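Tertiary structure, described
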Amino acid sequence: MKNISKYIVLSVVALLVSCKQEKETPKVSYDTNAKDKPVAKTDASSIKVADLPINFSGTNILIHPIGDLSIYSRDKNVGYDSFSSKGESQQSFAVSDNREFEITGYLQNIKFQEIGKDSIKALTDKQILIETATYLKNTADKTKKQFLVYTLADADTNKDGKIDSNDIKTLYISAINGSNFTKLSQDLQELIDWNCMESTSRLYFRTIEDINKNGAFDKEDKVHYHFLDLLSKEWKVQEYFPVN
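Report follows, based on the coordinates. What you see is a predicted model, and the numbers here were worked out from it, not measured in a lab.

Parameters at a glance
Residues numbered from 1 in each chain as written. Predicted model: local features only at pLDDT ≥ 70, side-chain atom pairs only at ≥ 80, totals over all residues. Heavy atoms only, no water. Helix = DSSP H or I, 4+ residues; strand = E, 2+ residues; numbered from the N terminus. Buried < 20%, exposed > 50% of the residue type's maximum accessible area, 1.4 Å probe, protein only. Contact = heavy atoms within 4.5 Å. Areas by Shrake-Rupley, 256 points an atom, 1.4 Å probe, with all protein chains shown as cover. Core = buried A, V, L, I, M, F, W, Y, C linked by side-chain atoms within 4.5 Å. Pairing = 2+ DSSP bridges. Polar contact = N/O pair within 3.5 Å; in protein donor to acceptor, adjacent residues only side chain to side chain. Phe/Tyr/Trp six-rings, centres within 6.5 Å; stacked < 30°, edge-to-face > 60°. Axes fitted to C-alpha atoms, helices over the stretch in contact; angles between N-to-C directions. Salt bridge = Lys/Arg side-chain N within 4 Å of Asp/Glu carboxyl O.

Turning our eyes to something else, we now look at the overall build of the protein chain. The helix and strand inventory of the protein chain stands at two helices and 15 strands. The buried share of the protein chain, taken over its 244 residues, is 36%. Pairs at least 24 residues apart make up 49% of the contacts formed inside the protein chain by residues separated by at least 6 positions. Carbon together with sulfur atoms contributes 51% to the accessible area of the protein chain, which is approximately 15,600 Å² in total.

As a further point, take the nonpolar core. Membership of the largest hydrophobic core comes to 22 residues, with the highest contact counts inside it found for Phe56, Ile63, Ile110, Phe112, Ile130, Leu148 and Tyr150. Every element with two or more residues in this core is listed here: β2 (61–70), β6 (102–114), β8 (129–135) and β9 (147–153). Apart from residues lying up to four places away in sequence, isoleucine 130 is in contact with Gly105, Tyr106, Leu107, Asn109, Ile110, Leu123, Tyr150, Thr151 and Leu152. If you look at the next biggest cluster of nonpolar residues, it comprises 13 residues, including Leu191, Phe205, Leu228 and Trp235.

Moving on: the pairing of β2. Counting buried positions along β2 yields seven of ten residues, so the element is predominantly enclosed. The pairing of strand β1 (residues 46–50) with β2 spans five bridges and is classified as antiparallel. Bridge pairing in β2 links isoleucine 47 to leucine 69. As judged from the seven bridges shared by β2 and β6, these two strands associate in the antiparallel manner. In the strand pairing of β6, proline 65 is matched with isoleucine 110.

Time to look at the side chain of lysine 137. Within the element layout of this structure, lysine 137 appears in helix α2 (residues 137–143). A distance of 2.9 Å separates the side chain of lysine 137 from the side chain of aspartate 141, its partner in a polar contact.

Scanning all chains against the criterion turns up nine aromatic pairs. Consider the rings of tyrosine 204 and phenylalanine 227, whose centres lie 5.8 Å apart with planes at 40 degrees: the pair is tilted. Note that tyrosine 204 is positioned in strand β13 (residues 202–209) and phenylalanine 227 in strand β14 (residues 222–229), a separation of 23 residues in sequence. A residue is classified by how much of its surface remains accessible, and tyrosine 204, at 21% relative accessible area, is partly exposed.

Next up on the list: the sheet that holds β14. Strand order in the open sheet formed by four strands is β12-β13-β14-β15, and the pairing between neighbours is antiparallel. Looking along the sheet, the strands with just one partner apiece sit at the ends: β12 (189–197) and β15 (238–240). In this sheet, neighbouring strand axes are inclined to one another by 30 degrees on average, regardless of whether the strands run parallel or antiparallel. Direction of pairing for β14 relative to β15: antiparallel, over a ladder of three bridges. Counted as the bridge partner of tyrosine 225 is tyrosine 240 from β15.

What follows covers the side chain of serine 96. Here serine 96 lies in strand β5 (residues 96–98). Within the structure, serine 96 has its side chain in polar contact with the side chain of aspartate 51 (distance 2.4 Å). Excluding residues within four positions of it along the chain, serine 96 makes contact with Asp51, Pro65, Ile103, Thr104 and Leu107.

Under the counting rule described, the total for this entry stands at eleven salt bridges. With its nearest N and O atoms 3.4 Å apart, the salt bridge here joins glutamate 114 to lysine 117. Two residues, aspartate 193 and arginine 206, come together in a salt bridge whose shortest N-O distance is 2.6 Å. Highlighted residues: aspartate 193 in strand β12 and arginine 206 in strand β13, separated in sequence by 13 residues. Exposure remark for aspartate 193: the relative accessible area of 31% places this residue in the partly exposed category. Within the structure, one salt-bridge network assembled from shared partners comprises Asp97, Arg99 and Glu102.

So far we have only geometry, and geometry alone does not tell us how the molecule works.
Shown next, in the form of structure tokens:
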């Protein structure tokens, strides 16, 4: 019986490992036959909603996060819950989380409105998925220039028919009102991390390039180092080589 039980346990473990491996999706697909696969439209079971506007301290811009909210039937008891003032459980309609100087979530877009004006302008008309939008508060305090830095997916790099967190993460920047929305990282390079150096007014970031074309980012690939001079009249990313 011990051997049989041991065999069953090992079989279950092997099955779980196999399922996990099957679920893992490469960040990049080089399948030329999948190039024309259209990106899927928004799921019919979701609706587009905007969170209440956000205003970062010291700015005159209202920021409206826009995202897709999945709608579930009540008997499924799935999704996020919030509580009303009466203590009743309700479905939350929030699509973002607002920290001190950062907005996080899975956002389809962000819209901007100058305080005192009615017009609202979208960040972009392209299909993207924004994970973070960070206000460079310390830079603004020092230079009086106000920027937002974004991490997002802007292409269906794994060619699965949708733009989501399984696609390559990229780095963008814009003015606080969403203007001059500019991509900083190169196509098909995964963003590793970024940091703003207030003492030099530079934005530093690292990316990794899938040089062996295996669809994954690992130690066999190449790390690139870049910086952007935030005070330059034209935003031009420069690569530097600290390990060469």
